[in-house]
Amino acid sequence: MSLEILSFGFMQRALISGIAIAILCSVVGLFLVLRRYSLFGDAIAHSSFGGIALGLMAGVYPLWTAYGVSLVSALIITRIKDRFNVSGDASVAVLLSSGIAVGLVIIGISGGFTVDIFSFLFGSILLVGVNDTIMILGLTGIILIVILVLYRQFLYSTFNEEQAKVSGISVEKINYLLIFMAGLTVVTSIQLVGVLLISALFVIPNVTAIMYGKGFKQTTMLSMAFSIFSVVVGIFVSYIFDITPAGTIVLLSTGIFVCTIGIKSLGILKT
Amino acid sequence: MLKVVEIEHLTVEYPGVKALDDVSFSVSEGDFLGIIGPNGAGKSTLFASILGLNTKYKGTIKFFGKDIQKSKEYLKLIGYVPQKPIFEKNFPATVNDVVNMGLRKKSHEKKIDEILQQLWIHELGNRRIGELSVGQQQRVFIAKALVNNPKLLILDEPVTGIDQHSIELFYSILKELNSKQKITIIWSSHDLDAVNKLANHVACLNQTLFFHGESDDFFDNDELVKQYSEASMQEHMHHH
């Protein structure tokens, strides 16, 4: 049964792009979670919804407009936070709701909800095409290389901004770069779990991995492992039982989180 | 003697408050300078200015003769240990991870073990930073500050919230760094006795600099010590 599934092109593409997105979201998400920016992914995803609606209305490939809108909003949110002393969670809330609002208005103008909109809201990993898969792999590769090259800078400025500055790191540039990469990651991941469930990929595997009390590299590895497991098993299970992949993936991820809490409260895991 | 830091007419004003007023002094290579002064005397502002965190000041700060506003390169020669290092309690970083954050050149990597041993934290390498006592954490941050062979070590009231045993150990480590490894140290402290024992130079700061010189000249001058003690006592009473 399982081997037969693997021979389908759409399944191969789903698995390959799913695994790439799982890795990407774990790595980028860990930095966001540790900076208390957990909902940032959500905010960008919601604002990209406005971009998607714009693309659908204008007849442009919706993910392109989503990339544009989400990157601009990511930069705006950071600017507002830095310049006007608005707290991180408040600026996230502003962006989150206004993104959806823009989307709704545009959808209203262009004549109501369509199937396309739903596939962006809830993901459509089984429908990912060859070009999308290549794009996802390329982007994953580039972002991972950037993080590897600037690993110390990213880690240090996440750990303590002031000390990172004193050690000569351009913390502001690193912050913008991270936000920029998070924006790209979010829009790329929309194909897997959709606008509404992005946070799950960014946050749940990471908070689970952090609980195991290891160092940074091991935590990253654990998070990736949890994420890949949820995505791969989620895609199979959803195909076999004909349920939504996005929901299944997120629930599996939540399951691992709940098990970890269970193990911890039984005292098997320290820290 | 080569001047490590030269501060000329440094004035820092925040809205409505003058944090530092026309402060001038210099620190020579090998000096161990203790900066004393009541809370709010401008010690942290002084450090923030030297470290490039505060760039809105009047006057000049030079590091080995070069104006620090010209280039940030000088920061590579400074190790800084903050008063209370702020980080997420469950941040997934081990002691080794934290020390490595400070590491600018891979070639210095082999020095890490030696430094951890010198600071009595070599057995903690794989423990998470958040699990350690404040005293141990502080030593990890010193290790991080030392991995790049700094010429100057700056410590901002580094014993706040640390137990007595750790404080003693900490002081002996500082003494050794200064006398054996010839690292110039600028250190702010509330503890007059410790400054008397460790530092060879003293700066008394309270918005203005009202004493700067050899520590013997300060501690042998009863009038100065009395003045300082009264000022800080008032400050102490004020706080309670």
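Quick notes on the rules
- Counting restarts for each chain, with residues numbered from 1 along the sequence as it is written.
- To read the labels, note that chains go from A and ligands from 1, taken in the order they are written.
- Predicted model: local features are reported for residues with pLDDT of at least 70 only, side-chain atom pairs are reported and counted for 80 or more only, and whole-chain, interface and lining totals are derived from all residues.
- Calculated side-chain values reflect all of the structure's heavy atoms, with hydrogen atoms and water omitted.
- When accessible area is computed with a 1.4 Å probe and restricted to protein chains, residues below 20% of their type maximum are described as buried, those above 50% as exposed, and intermediate ones as partly exposed.
- Labels follow the DSSP assignment, with helices taken as runs of H or I lasting at least four residues and strands as runs of E lasting at least two, numbered in each case from the N terminus.
- The rule for pairing is simple: two strands pair if DSSP sees at least two bridges between them.
- Geometry of aromatic contacts follows a simple scheme: Phe, Tyr and Trp rings, the Trp one being its six-membered ring, pair when their centres are within 6.5 Å, and the pair is stacked under 30 degrees between planes, edge-to-face over 60, tilted otherwise.
- To define axes, lines are fitted to C-alpha atoms, for helices over the stretch in contact only, and angles between the resulting N-to-C directions are given on a 0 to 180 degree scale.
- Only heavy atoms matter for contacts: two residues are in contact if any of them lie within 4.5 Å across the pair.
- Residues enter patches when they are more than 30% accessible in relative terms and free of salt bridges; like-charged ones are connected within 9 Å and nonpolar ones (Val, Leu, Ile, Met, Phe, Trp, Tyr) within 5 Å.
- The accessible surface values rely on the Shrake-Rupley method and a 1.4 Å probe; as for residues, cover is taken only from the protein chains in view.
- Salt bridge, as used here, is a side-chain nitrogen of Lys or Arg placed within 4 Å of a carboxyl oxygen of Asp or Glu.
- For the purpose of charge, His is not counted, nor are the chain termini; Lys and Arg are scored as positive and Asp and Glu as negative.
- Charged side chains are reduced to one point each, which is NZ for Lys, CZ for Arg, CG for Asp and CD for Glu.
- Summed over both partners, the accessible area (1.4 Å probe) lost when two parts come together is defined as the buried area.
- Polar contact is the term for a pair of N or O atoms within 3.5 Å; when the atoms are in protein, one must be able to donate a hydrogen and the other to accept it, and sequence-neighboring residues count only if both atoms are side-chain atoms.
- Residue type decides the class: Asp, Glu, Lys and Arg count as charged, Ala, Val, Leu, Ile, Met, Phe, Trp, Tyr, Cys and Pro as nonpolar, and the leftover types, Gly among them, as polar.

(A) Expanded view of the pairing of strand β7 (residues 152-156) of chain B. Residue and element names in this part refer to chain B. In terms of residue burial, β7 counts as a mostly covered element, since five of its five residues are buried. On β7, burial covers both faces: Leu152, Ile154 and Asp156 on one face and Leu153 and Leu155 on the other are all buried. Bridge count for strand β6 (residues 78-81) against β7 is four bridges, and the pairing is parallel. Bridge pairing links Tyr80 to Ile154 in β7.

(B) Inspection of the packing of aromatic side chains at higher detail. Residues and elements named next belong to chain A. Applying the stated rule across the entire model yields 21 aromatic pairs over all chains. Centre to centre, the rings of Phe31 and Phe154 are 5.7 Å apart; their planes meet at 45 degrees, and the pair counts as tilted. Here the residue Phe31 occupies a position in helix α2 (residues 9-34), and Phe154 occupies one in helix α8 (residues 151-159), the gap between them amounting to 123 residues. An identical accessibility class is assigned to Phe31 and Phe154; each is buried. When the centroid spacing of 5.6 Å and the interplanar angle of 40 degrees are considered together, the rings of Phe31 and Phe216 count as tilted. Of this pair, Phe31 sits in helix α2 while Phe216 sits in helix α12 (residues 216-241), and the two are 185 residues apart along the sequence. Accessibility assignment for this pair places Phe31 and Phe216 in one class, buried.

(C) Representation of the sheet that holds β6(B) within the structure. Residue and element names in this part refer to chain B. Within the open sheet, the six strands sit side by side as β6-β7-β8-β3-β9-β10. Their pairing is mixed. Strands with a single pairing partner mark the edges of an open sheet, and in this sheet they are β6 and β10 (208-214). Averaged over all pairs of adjacent strands, the angle between strand axes in this sheet comes to 15 degrees, irrespective of strand direction. Direction of pairing for strand β9 (residues 201-206) relative to β10: antiparallel, over a ladder of six bridges. Bridging from a neighbouring strand, Leu205 pairs with Leu209 of β10. Sheet strands in contact with helix α1 (residues 43-50) are β3 (32-36), β7, β8 (184-188) and β9, and its direction is about 145 degrees off that of β7. Where helix α4 (residues 134-146) meets the sheet, it contacts β6 and β7, and its direction lies at approximately 170 degrees from that of β6.

(D) Fine view of the environment of Pro62(A). Residues and elements named next belong to chain A. Along the polypeptide, Pro62 turns up in helix α4 (residues 62-84). Along the sequence, Pro62 and Phe49 sit 13 residues apart, while their C-alpha atoms lie 9.2 Å from each other. Once residues within four sequence positions are removed from consideration, Pro62 is found in contact with Gly51, Ile52, Gly55, Leu56 and Phe120.

(E) Quick peek at a negative patch on the surface. Residues and elements named next belong to chain B. Together, Glu214, Asp216, Asp217, Asp220, Asp222 and Glu223 line one region of the surface with negative charge. For the negative patch, the secondary structure elements donating two or more residues are α7 (215-219) and α8 (222-239). As for its placement among the helices and strands, Glu223 is situated in helix α8. Note on Glu223: relative accessible area 48%, which makes it partly exposed.

(F) Region of the structure containing the interface of chain A and chain B. Taken together, the contact pairs 23 residues of chain A with 26 residues of chain B. Summing both sides of the interface, chain A and chain B together bury roughly 2100 Å²; the carbon and sulfur share of this comes to 60%. Here chain A is connected to chain B by one salt bridge. Ionic pairing is found between Glu88(B) and Arg36(A), a salt bridge with its closest N-O pair at 2.5 Å. Where chain A packs against chain B, one counts nine residue pairs in polar contact (both at pLDDT 80 or more). Of all the secondary structure elements, the ones that give two or more residues to the side of chain A that touches chain B are α8, α9 (161-166), α11 (198-210) and α12 of chain A. The element that contributes the greatest number of residues to the side of chain A that touches chain B is α8(A), accounting for five residues. Classifying every residue of the side of chain A that touches chain B by side-chain character gives nine nonpolar, nine polar and five charged.

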